[in-house]
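Descriptive structure summary
Listed here are the chains, written in short residue letters.
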Amino acid sequence: MIIEMEKGASQKLIDGVVRKVRELGFDVQPNIGEKETVIAVLGSNTGEVDTQIFETLPGVKKVIRIMSPYKLASRDFSNKKTIVKINGVEIGGSNVVIMAGPCAVESEEQILACAKEVKKLGGQILRGGAFKPRTSPFAFQGLKLEGLKFLAKARKETGLIVVSEVVSVNDVPLVSEFVDILQIGARNMQNYSLLTAVAESKKPVLLKRGFAATIEEWLMAADYLLRGNGFNVILCERGVRTFDNSTRFTLDVGAIPVVKRLSHLPIIVDPSHAAGNFRYVPVLARAATAAGADGLIIEIHPDPQNALSDGAQSLTFSDFARLIGEIRIIAEAIGRKI
Ligand code: PEP
Ligand code: MN
C-alpha cells in the first residue's frame, strides 16, 4: 500500500503517518521526493487494512494499493526513473554506461591491462570476479582476497569504478571493502539471506536476473535490496534458459522495455553470458543498446584462448574497441551517449 502525501507536506505530517503505520505493526519506507512524498506500507497482510485509516490522517492526499507483488521496485512507489550515482558516474541517466573486464581476475597484469583498455575506450566501470560461482567445483574459483587487491590497484591506477561478485553472506564485508558495486550473480538472485546481507551493507548493487526467473520474481528480489538501501540497485538482464542451446542462454531483449514500464530501476545488459560465444556478443550488445539498455557489462580478456574462465565468450581488446565504436553510433541514434 502506498500513501501519497499532499504536495509540500511538512516533515511533522510525514512523521505522523509513519508513526501510525508503525503502530499498526507494519514496516514503513518513505520516499521523500523534492515535491512529493510517498510512504510505502509493507507487510504480508496490508490487504486486510482499510485504506481509510490512512486517508483520514492530515497531509494525506490518497492511498493506493499496489497490486503487483513487488512494491519498492514498482513505479507505484516511485514513478521517477532512478539514477544510481557512483563517483560521478550515473547509471540510468542519459548515457549508456560501459562496464567491462575479465570474467575472473587472474593476475595483476591481466586486470591492469583490461582496466587500461576500458579506460582508454571511454568505459566507466571495471568488472572482474574475485569470488567465482562456478558450475563445477573443480573449475577455477577465483583469487578471492588477492583478486580483490588487484581490483583495488586497478581502480587506483585508472580511476574506474569497480564491480565484483559476492557469493556468500560471510564475504559481504570483505568484498564491500574493496569494490564500489556488489554484484549478485544469476545463481544467487533468489538467495534471500545474501540479498538481505548485501542490502544491509548499503553498497550499490548489480542484481543479475536468475536464468529461470520471471521478471516479477526478479523485481521481488530487488525489493529485498531496496529495503533500507535507498535506490542503489541496478538490474542486469543476462539471458534466460530456453529450449534452445545454440547460444549459452537466450537474451531476453524484451525484458528491457518491460522492466522500464514496471520499475523505476535502471537496467543494463550482459551480452557475454547470454551469448556464451564471442562471435555473438557484439550483435547482442548492439541490440540491447538499441532497445534502451542503460548500460552494458562485457567480458574482455587480453588472451581469451588462455582465460581461466569464460574465455569462449570473452572479446579480445580489438573486438571490444570495434564494438565500442558501434555502440557509440547506436547510442547517438537514440539520443544517448557513451
Ligand atoms: C559473471 O558475471 O561472471 C557471472 C558469473 O555471471 P552470471 O551470474 O550472470 O552467470
Ligand atoms: Mn563470466
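Residues numbered from 1 in each chain as written. Chains lettered and ligands numbered in written order. Predicted model: local features only at pLDDT ≥ 70, side-chain atom pairs only at ≥ 80, totals over all residues. Heavy atoms only, no water.

**Regarding the side chain of T37**
As a reminder, the rule being used: A run of H or I in DSSP becomes a helix once it reaches four residues, and a run of E becomes a strand once it reaches two; helices and strands are each numbered from the N terminus. Burial classes follow relative accessibility: with a 1.4 Å probe on protein chains only, a residue under 20% of its type's maximum area counts as buried, one over 50% as exposed, and anything between as partly exposed. Every residue pair with non-hydrogen atoms within 4.5 Å of one another is taken to be in contact.
By the element assignment, T37 lies in strand β3 (residues 37-42). Residue T37 is classed as buried on the basis of its relative accessible area of 6%. With residues up to four places along the chain from it excluded, the contact list for T37 reads I3, E4, M5, I14, N31 and I32.

**What about the packing of helix α6 (residues 192-201) against helix α7 (residues 215-226)?**
Put simply, the rule is: An axis is simply a line fitted to the C-alpha atoms; with a helix, the fit covers only the stretch in contact. Between two such axes, the angle follows the N-to-C directions and lies from 0 to 180 degrees. To sort the angles, those under 35 degrees are grouped as roughly parallel, those over 145 as roughly antiparallel, those from 65 to 115 as roughly perpendicular, and the leftovers as oblique. Polar here means any residue outside two lists: the nonpolar Ala, Val, Leu, Ile, Met, Phe, Trp, Tyr, Cys and Pro, and the charged Asp, Glu, Lys and Arg; Gly therefore counts as polar.
With their axes 7 Å apart at the nearest point, α6 and α7 run at an angle of 40° to one another. Viewed along their axes, α6 and α7 adopt a mutual orientation that is oblique. Residues Y192, L195, T196, V198 and A199 of α6 form the contact with α7, whose own contacting residues are A221, Y224 and L225. Across the contact of α6 with α7, the residue classes tally to 7 nonpolar, 1 polar and no charged.

**Comments concerning the layout of surface pockets**
The cut-off we apply is this: Method remark: on a 1 Å grid restricted to protein atoms, a set of points is classed as a cavity if a 1.4 Å probe fits but cannot get out and as a pocket if it is open with protein on both sides within 12 Å along at least five of seven lines; lining residues have an atom within 4 Å of a point. Grid points are joined across faces, edges and corners, and a volume is the space filled by probe spheres set on the points.
Estimates place the volume of the largest pocket at around 640 Å³. Taken together, 21 residues line the largest pocket, and the ones lying closest to its centre are N31, G33, S78, N79 and K80. For the lining of the largest pocket, the elements supplying multiple residues, two or more each, are β1 (2-5) and β2 (27-32). Its residues assigned to classes, the lining of the largest pocket shows 7 nonpolar, 5 polar and 9 charged.

**Some points on the packing of aromatic side chains**
The following threshold applies: To pair, rings of Phe, Tyr and Trp, with the six-membered ring standing in for Trp, must have centres within 6.5 Å; the planes then decide the type, stacked if under 30 degrees apart, edge-to-face if over 60, and tilted in the middle. For a ring to carry a charge above it, either NZ of a lysine or CZ of an arginine must fall within 6 Å of the ring centroid while also lying within 35 degrees of the normal to the ring plane.
Tallied over the entire structure, the rule returns 3 aromatic pairs. Ring geometry for F77 and F231: centres 6.1 Å apart, planes at 55°, overall tilted. You can see F77 sitting in the loop between β4 (60-64) and β5 (84-86) and its partner F231 sitting in the loop between α7 and β12 (233-237), a full 154 residues away along the chain. The class for F77 is buried, based on a relative accessible area of 2%. On the basis of relative accessible area, F231 is assigned to the partly exposed category, the value being 25%. One cation-aromatic arrangement involves R241 over F211; the distance from NZ or CZ to the ring centre is 5.3 Å.

**Here's the deal with the pairing of β2**
Keep this limit in mind: For two strands to pair, DSSP has to find at least two bridges joining them.
The pairing of β2 with β3 spans 6 bridges and is classified as antiparallel. Bridging across to β3, P30 finds its partner in I39. Taking the residues that link successive antiparallel strands as the turn, the β2-β3 hairpin has 4 residues.

**Some points on the coordination of the manganese ion (ligand 2)**
We count it as follows: Excluding water, the donors of a metal are its N, O and S neighbours within 2.8 Å, or within 3.2 Å for Na, K and Ca, and that exclusion means sites may look incomplete.
Note on the manganese ion (ligand 2): its protein donors are C103 (SG), H273 (NE2), E299 (OE) and D310 (OD). The metal-donor distances range over 2.0 to 2.4 Å. We note that the donor set of the manganese ion (ligand 2) lies within a single chain, spaced as C-x169-H-x25-E-x10-D. Here the residue E299 occupies a position in strand β14 (residues 295-299), and D310 occupies one in the loop between β14 and α11 (317-333), the gap between them amounting to 11 residues. Note on accessibility: E299 and D310 belong to one class, buried.

Everything listed here is a matter of geometry and, on its own, says nothing about what the molecule does.
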